[in-house]
Structures are given as structure tokens and as C-alpha cells.
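# Coordinates in review
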Amino acid sequence: MTMPSLRSGRLWLRPVTSADMGRIVSLVGNFQVVRNLGRVPHPYTMADAKWWVNQTAAFQEDGERAVAIDDGTGMIGAVSLGSPGEQASLGYWLGEPYWGSGYMSEAVGTLVDWFFKTSGETEILSSALDENTGSIKVLTKTGFKAAGPKPLFIPSRAKTLPATAFRLQRSDFERRKTAA
Ligand SMILES: CC(C)(COP(=O)(O)OP(=O)(O)OC[C@H]1O[C@@H](n2cnc3c(N)ncnc32)[C@H](O)[C@@H]1OP(=O)(O)O)[C@@H](O)C(=O)NCCC(=O)NCCS
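Residues numbered from 1 in each chain as written. Predicted model: local features only at pLDDT ≥ 70, side-chain atom pairs only at ≥ 80, totals over all residues. Heavy atoms only, no water.

Going by the annotation in an unreviewed UniProt entry, the name recorded for the protein chain is Protein N-acetyltransferase, RimJ/RimL family, with Roseibium denhamense given as the source organism. In its Sequence similarities (unreviewed entry) section, UniProt records this for the protein chain: "Belongs to the acetyltransferase family. RimJ subfamily." (UniProt positions renumbered as here; feature names shortened; annotations may be inferred.)

If you want it as C-alpha cells, here you go:
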């Protein structure tokens, strides 16, 4: 699947490039970001960023359906719908300096809208640590509903923590969009 370049109110969602690697290392290298993420190593190195960028859909035909979030100054975060061939699974991170401005709600809403319009899929999965109030709010604002406990291993903390699986039905997303 080719990932799009999309414009939302204040942001661009665009394919990841090799030039983003330095920003990724400095932003994901922050423990405050990675402490919430499954599957992401800590400390986070240039080799990790290179591996991640190169396995995205920008570089591989069947690569991860991820896009960079860009505020015009460069990459400030990422949103992903997981690997093609698997049910869409939403994951995201935003660099700490950019938290609290509504950016992730905007980015997630824009990518999900594009995905439902172009893919014919009717459901997206996600999950979040129970302690991650901000992320749970992003999910529920988008229309995701809790679907039960799903403990998550966090490599940067070397432990499994309580977490919840979430599901978004296309009809719930559309209903919220119409009401907004
Ligand atoms: C979680 C994260 C994506 C939130 O991004 P953000 O751009 O700050 O989120 P938004 O500004 O869109 O906030 C959405 C809502 O959550 C609330 N919120 C955000 N961070 C919060 C926090 N730490 N505690 C409580 N509420 C929070 C906002 O106030 C907003 O509420 P509102 O719509 O009622 O005003 C960001 O903090 C992040 O990337 N954290 C590290 C990585 C991570 O947790 N990824 C998700 C893994 S599941």
C-alpha cells in the first residue's frame, strides 16, 4: 500500500524519509516517549531508526503503513496502521516538546479518515497502557472502544504492564465525524 501525503489543519502526514532518522533518534530516544511503547528499544540508536525507516511502506512494497507527522519544521512524530496483510493496527508517538496541543488527535483522525475511505476496511485495532491517560483519550475521542485487557511488554522498562485492547468500527468513526 502506498502511503499518502495528507494535509490536516496544522500538520502534514507524509511518507517517512531517510532525512527523518536524526529527528526520530532524538525524539524516540527520550524515555518519556518510549516508556509507553511496545516493541521499541531503549536506548534508541541511529541503527534502530534506520531499520524502522527502511521497513516502512516508503521503502518496501509490503512495508509498515506508517507516516511522519510534520509541523512544517520537520518530523515531530509518527502514526502507523501496522503491516499490510494483517488487520489494521493503530500505533503512534509524538515528541515530548509537541504534546498537549491536540496534534495527535488531529493526526490520528486524518489518517483513519483516509484509511476508511480508501481501503474498504471496517475495523482498526489498537492498544494502550492503562496508565497512559493521554493515549486512551486520543483513542476514545476518535471513536475507539475498549475491548478487554491486553497486557503489554514494554522493552524500555523490561516489564509487562496492564493495558487494554481497543477497536474502532468505521460506523462509530463516521458517526463522530458527522457529530463534530
Ligand atoms: C499520548 C500522546 C500521543 C498524546 O499526544 P497529544 O498530541 O499530546 O494528544 P492530544 O493533545 O491530541 O490530546 C488528546 C486529549 O488527551 C489529553 N491528554 C493528552 N496528554 C495527556 C496526559 N498526559 N494526561 C491526561 N490527559 C492528556 C488532552 O488534554 C486531550 O484532551 P481533550 O481533547 O479533552 O482536550 C503523546 O503524549 C505521546 O506520544 N506520548 C508518548 C508515546 C505514546 O504514549 N504513544 C501511544 C502509545 S499507546
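### Examining the site of the ligand
Inspection of the region around the ligand gives 22 residues, with Gly100, Gly102, Ser105, Asn132 and Lys141 positioned closest. Tryptophan 99 has a polar side-chain atom sitting 3.5 Å from an oxygen atom of the ligand. Methionine 104 is positioned such that a nitrogen or oxygen atom in its backbone is 3.0 Å from an oxygen atom of the ligand. Protein burial of the ligand: of its 920 Å² of free accessible surface, 72% is covered by the chains. At the level of secondary structure, the elements contributing two or more residues to the shell around the ligand comprise β5 (91-94), α4 (103-119), β6 (123-129) and α5 (133-142). Here the shell around the ligand takes 6 residues from α5, the largest share from any one element. (Near = heavy atom within 4 Å. Polar contact = N/O pair within 3.5 Å; in protein donor to acceptor, adjacent residues only side chain to side chain. Areas by Shrake-Rupley, 256 points an atom, 1.4 Å probe, with all protein chains shown as cover. Helix = DSSP H or I, 4+ residues; strand = E, 2+ residues; numbered from the N terminus.)

### What to know about the UniProt feature "domain: N-acetyltransferase" (unreviewed entry) in the protein chain
Here, the residues flagged by UniProt with the feature "domain: N-acetyltransferase" (unreviewed entry) are residues 10-145. Each end of residues 10-145 is marked by a C-alpha atom, and these two atoms are 27 Å apart; helix forms 35% of the span and strand 19%.

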